[in-house]
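An overview of the molecular structure
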Amino acid sequence: MLSYRHAFHAGNHADVLKHFVQIQLHEYMNQKDTAYTYIDTHAGAGVYALDGGYAAKNAEYDTGIGPLWERKDMPKQLAAYVNLVKGLNPSGKMRYYPGSPYCADKLMREQDRLRLFELHPADSKILADNFRKVAEHAAEQGERPAGRGKRVLIERGDGFHALKTLLPPPSRRALVLIDPPYEDKQDYRKVRDALEDSLERFPSGIFAIWYPVLQRMESRQFADKLKRLPAKEWLNVTLTVSTPGPDGFGLHSSGMFIINPPYTLEPTLRQVMPYLVQALGKNADATFVIESGTQMTGSSTSRVGANGSARVPVGNARRASPTAGTGSLRLPGQAPAGTPGAAGATGPLSPAGPAGPRAPGAPGARRTSARPTGRPTGPKPPGSRRP
């Protein structure tokens, strides 16, 4: 489907989560001198104007980058993301928001390679124009283009198909961002199929997948299906800013699923996610969830309150089979498992849905969730199909 335009949703709370995580992954990759390839399967336009056009229609940035713009108390990792956005706005006024290709270009080095794919004809052209303008600006500042023709390749095409030709990369190091519109429910299947094929070709790559957390069944089951892929390790983080209305309209929660995550990512998320809940949350249902695990160990869960105290001892966390389909996200407004009348309730630590078969002796991954202690104030976020 070619109707989707990301500009309508630029800078919203889901973009904050996605690009913050992306920056952490680039910084980790940069710790080694060896070059790496960044592959963006759904690159979009690269840069978005917030003060006019599509983005100004619903002003979804008021649910994301807007509330962070003047904050002075941010954790340093989150401040690095906000400063990158501010670097695109030298006047100090919030006028432009960077997409994932711009974030990658700012963080990657001369020896690294960007491979950007966008199927929408208008956005593909804008993406190419934006990178041309960046190169021209660098030349005006006396900077050498650094062989941009080889460093950055932009193609109007199917990013899923491109993975077959690009993996494994020559340097055997790669970061892949997969971020389809999900307007077509087949996108969920396409993502999983692409990952299964990519992991067979290149099992050591880092794969970052953004996804919406919606009421539709494909979305609700998506993270659990990704956990069953033949990956050595995975990490799943979601951010919920409010409860959806009775009609379910609007995007109120989204997630990032990381395959082969760096060891630095989970500790960073544990520091930053409580802050994002407080800063971006619109009501008492604002929360985050962090899960991590391995193909071999299955999953168990623990919950930590907003004040850092454990609600239930970690030692009581339920163990489950890696193929049990457990660990599914509880949607805002859904009764948590373990409450009277909840379908498939198995105890206070169980996620929504029936429990799978128990894996004897299998240690598991932790699940951390937190909610703000008070009711945050702020403008009500407008509805959104997807960031």
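Heads up: the structure comes first, above all this text.
Read on for an overview of the structure. (Residues numbered from 1 in each chain as written. Predicted model: local features only at pLDDT ≥ 70, side-chain atom pairs only at ≥ 80, totals over all residues. Heavy atoms only, no water.)

What about the overall build of the chain?
The number of helices and strands found in the chain is eleven helices and eleven strands. Taking all contacts inside the chain whose residues are at least 6 apart in sequence as the whole, residues at least 24 apart take part in 80%. When the accessible surface of the chain is totalled, it reaches about 16600 Å², and 52% of it is carbon and sulfur. (Helix = DSSP H or I, 4+ residues; strand = E, 2+ residues; numbered from the N terminus. Contact = heavy atoms within 4.5 Å. Areas by Shrake-Rupley, 256 points an atom, 1.4 Å probe, with all protein chains shown as cover.)

Comments concerning the packing of aromatic side chains
Under the definition given, this model contains seven aromatic pairs. Ring geometry for Y182 against Y188: centres 4.8 Å apart, planes inclined by 45 degrees, an arrangement best described as tilted. Here Y182 falls in the buried class, since its relative accessible area comes to 2%. Take Y188: its relative accessible area is 5%, and that puts it in the buried class. (Phe/Tyr/Trp six-rings, centres within 6.5 Å; stacked < 30°, edge-to-face > 60°. Buried < 20%, exposed > 50% of the residue type's maximum accessible area, 1.4 Å probe, protein only.)

With respect to the nonpolar core
In this structure, L68, Y81 and I209 are the most contacted members of the largest nonpolar core, which totals 93 residues. For this core, the element with the most residues is helix α11 (residues 265–280), which contributes nine residues. Leave out the neighbours within four places in its chain, and L68 touches V16, M74, L78, Y81, V82, Y275, L276, A279 and L280. (Core = buried A, V, L, I, M, F, W, Y, C linked by side-chain atoms within 4.5 Å.)

A short note on helix α5 (residues 100–107)
Burial of α5 is extensive: seven of the eight residues sit out of reach of the surface. Within α5, the full set of buried residues consists of S100, P101, Y102, C103, A104, D105 and L107.

Things to note about the pairing of strand β7 (residues 206–212)
Of all seven residues that make up β7, seven are buried, and the element is covered over most of its length. When strand β6 (residues 174–178) meets β7, the two strands line up parallel, connected through four bridges. Bridge assignment links I178 to a residue of β7, and that residue is I209. Viewed along the sheet, the connection from β6 through helix α9 (residues 186–201) into β7 turns out right-handed. The pairing of β7 with strand β9 (residues 253–259) spans six bridges and is antiparallel. Opposite F207, over in β9, you have I259 as the bridge partner. (Pairing = 2+ DSSP bridges. Right-handed = clockwise from strand over helix to strand, strands pointing away.)

With respect to helix α10 (residues 217–227)
When we look at burial in α10, the residues that qualify are S219, F222, A223, D224, L226 and K227. For α10, the elements touching its buried residues are α9, β7, β8 (233–240), β9 and β10 (287–294).

Describing the packing of helix α1 (residues 13–29) against α11
It is at 12 Å that the axes of α1 and α11 come closest, and there the two elements cross at 160 degrees. When the interaxial angle is binned, α1 and α11 end up roughly antiparallel. Between α1 and α11 lies a crossing of right-handed hand. Only L265, T268, L269, V272, M273, L276 and L280 of α11 make contact with α1, whose side of the interface consists of H13, V16, L17, F20, V21, Q24 and L25. (Axes fitted to C-alpha atoms, helices over the stretch in contact; angles between N-to-C directions. Parallel < 35°, antiparallel > 145°, perpendicular 65-115°, else oblique. Left-handed = near helix turned anticlockwise from the far one by under 90°.)

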